[in-house]
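Residues per chain are reported as follows:
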Amino acid sequence: VENTTTLGFVSGPDNTADGSIRGIEASAAIPFEIFTSALEGFGFQTSVAYTDSKLDVTDTISGGSFESDVPGLSKWVVNSTVYFEQSGIEARLSHRYRTEFLAEFPAISARRATRFAYPESIFDAQIGYRFQDGTTLEGLSITLQALNLTDEPFINYTDGDRTHIVDYEEYGRTYLIGASYRF
């Protein structure tokens, strides 16, 4: 005979907040050939997003409340890419910038802790070749990518003081090579 019961106490994270998220985003794609035919294949794409978030959080233990940003959201995020695409050659350099944000981390007893993360500025590059119609390798594409070219660290801090660094993490650069075939 097993001694089991379905009675007991369980606790875990609870969404005890009211809030709002508002924002605006603008984007542009500019092929440089509109300026001169000598720049055919070159172009630029960008998007800029502004997000305003607010949470009114009630602490279930103390009963007090406080105001916070929504974790994971930066006020400003900018993504930009310069590219060249012509005759099967594809090359691009991309940049992503985001302002500091409230980040969540695992804490003791399955709780979540929050700390602010430094702004990030990450560069990625990609070059590839797509074999053209009529060639023996038609449908084959090869790609070489380099991610986080400047080895941007992930830094977070506590107490609202940027000098009180909790984690300084470097992930390094990542290099990828790939091939795909379309038929």
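To be clear, the structure that these remarks concern was listed above.
Structure report, in brief. From a predicted model like this one, the values you see are computed outputs, not experimental measurements. (Residues numbered from 1 in each chain as written. Predicted model: local features only at pLDDT ≥ 70, side-chain atom pairs only at ≥ 80, totals over all residues. Heavy atoms only, no water.)

1. Notes on the environment of Y83
Thought 1: Turning to its location among the elements, Y83 is positioned in strand 4 (residues 76-86).
Thought 2: With 41 residues separating them in the primary sequence, Y83 and F42 have C-alpha atoms 5.6 Å apart.
Thought 3: Filtering out sequence-adjacent residues up to four positions away, Y83 remains in contact with I30, P31, G41, F42, G43, F44, Q45, A91 and R92. (Helix = DSSP H or I, 4+ residues; strand = E, 2+ residues; numbered from the N terminus. Contact = heavy atoms within 4.5 Å.)

2. Observations regarding the sheet that holds strand 6 (residues 101-106)
Thought 1: With antiparallel pairing, four strands are arranged side by side in an open sheet as 6-7-10-11. The two strands at the open ends of the sheet, each matched to only one other strand, are strand 6 and strand 11 (165-169). Along the sheet, successive strands turn relative to each other by an average axial angle of 35°, direction set aside. (Pairing = 2+ DSSP bridges. Axes fitted to C-alpha atoms, helices over the stretch in contact; angles between N-to-C directions.)

3. Notes on the side chain of S53
Thought 1: Inspection of the secondary structure assignment puts S53 in strand 2 (residues 42-58).
Thought 2: In terms of polar contacts, S53 uses its side chain to reach the backbone amide nitrogen of V70, at 3.0 Å.
Thought 3: Once you skip the residues sitting within four places of it in the chain, S53 turns out to touch S20, I21, S68, D69, V70, L73 and K75. (Polar contact = N/O pair within 3.5 Å; in protein donor to acceptor, adjacent residues only side chain to side chain.)

4. Description of unusual backbone geometry
Thought 1: Look at S87: it is not a glycine, yet its phi comes out positive at around 55°.
Thought 2: Locating S87 in the fold gives a position in the loop between strand 4 and strand 5 (89-98).
Thought 3: Among the residues examined, S87 registers a relative accessible area of 53% and is labelled exposed.
Thought 4: With a phi close to 50°, D151 is a non-glycine residue in the positive phi region.
Thought 5: Summarising the element assignment, D151 is placed in the loop between strand 9 (140-147) and strand 10 (154-157). (Buried < 20%, exposed > 50% of the residue type's maximum accessible area, 1.4 Å probe, protein only.)

5. Notes on the pattern of salt bridges
Thought 1: Counted under the stated rule, the structure contains seven salt bridges.
Thought 2: A salt bridge links D167 to R115, with the nearest nitrogen and oxygen atoms 2.9 Å apart. In this pair, D167 sits in strand 11 while R115 sits in strand 7 (residues 112-117), placing the two residues 52 residues apart along the sequence.
Thought 3: For R115, a relative accessible area of 16% puts it in the buried group. (Salt bridge = Lys/Arg side-chain N within 4 Å of Asp/Glu carboxyl O.)

6. Description of the packing of aromatic side chains
Thought 1: Taken as a whole, this structure holds nine aromatic pairs when the rule is applied.
Thought 2: When the ring of F42 is compared with that of F84, the centres are 4.6 Å apart and the planes differ by 50°; the resulting orientation is tilted. Residue F42 is located in strand 2, and its partner F84 is located in strand 4; the two are separated by 42 residues in the primary sequence.
Thought 3: With 6.5 Å between their ring centres and 40° between their planes, F101 and F154 make a pair best called tilted. Here F101 is found in strand 6, whereas its partner F154 is found in strand 10, with 53 residues between them in sequence.
Thought 4: The structure contains a cluster of three or more aromatic residues connected by ring pairs, namely F101, F105 and F154.
Thought 5: The ring centre of F101 lies 3.7 Å from the NZ or CZ of R98, which sits over that ring.
Thought 6: Stacked on the ring of Y118, the Lys or Arg R162 has its end atom at 4.6 Å from the ring centre. (Phe/Tyr/Trp six-rings, centres within 6.5 Å; stacked < 30°, edge-to-face > 60°. Lys NZ or Arg CZ within 6 Å of the ring centre and 35° of its normal.)

7. Looking at the nonpolar core
Thought 1: F101, A103, F105, A117 and F154 together form the largest nonpolar core, which totals five residues.
Thought 2: The element best represented in this core is strand 6, accounting for three residues.
Thought 3: Every residue in contact with A117, bar those within four places of it in the chain, is listed here: E100, F101, A103, F154, I155 and N156. (Core = buried A, V, L, I, M, F, W, Y, C linked by side-chain atoms within 4.5 Å.)

8. Things to note about the environment of A146
Thought 1: Within the fold, A146 resides in strand 9.
Thought 2: Beyond its immediate stretch of four places on either side in the chain, A146 contacts D124, A125, T174 and Y175.

Purely geometric stuff here, so don't read any function into it on its own.
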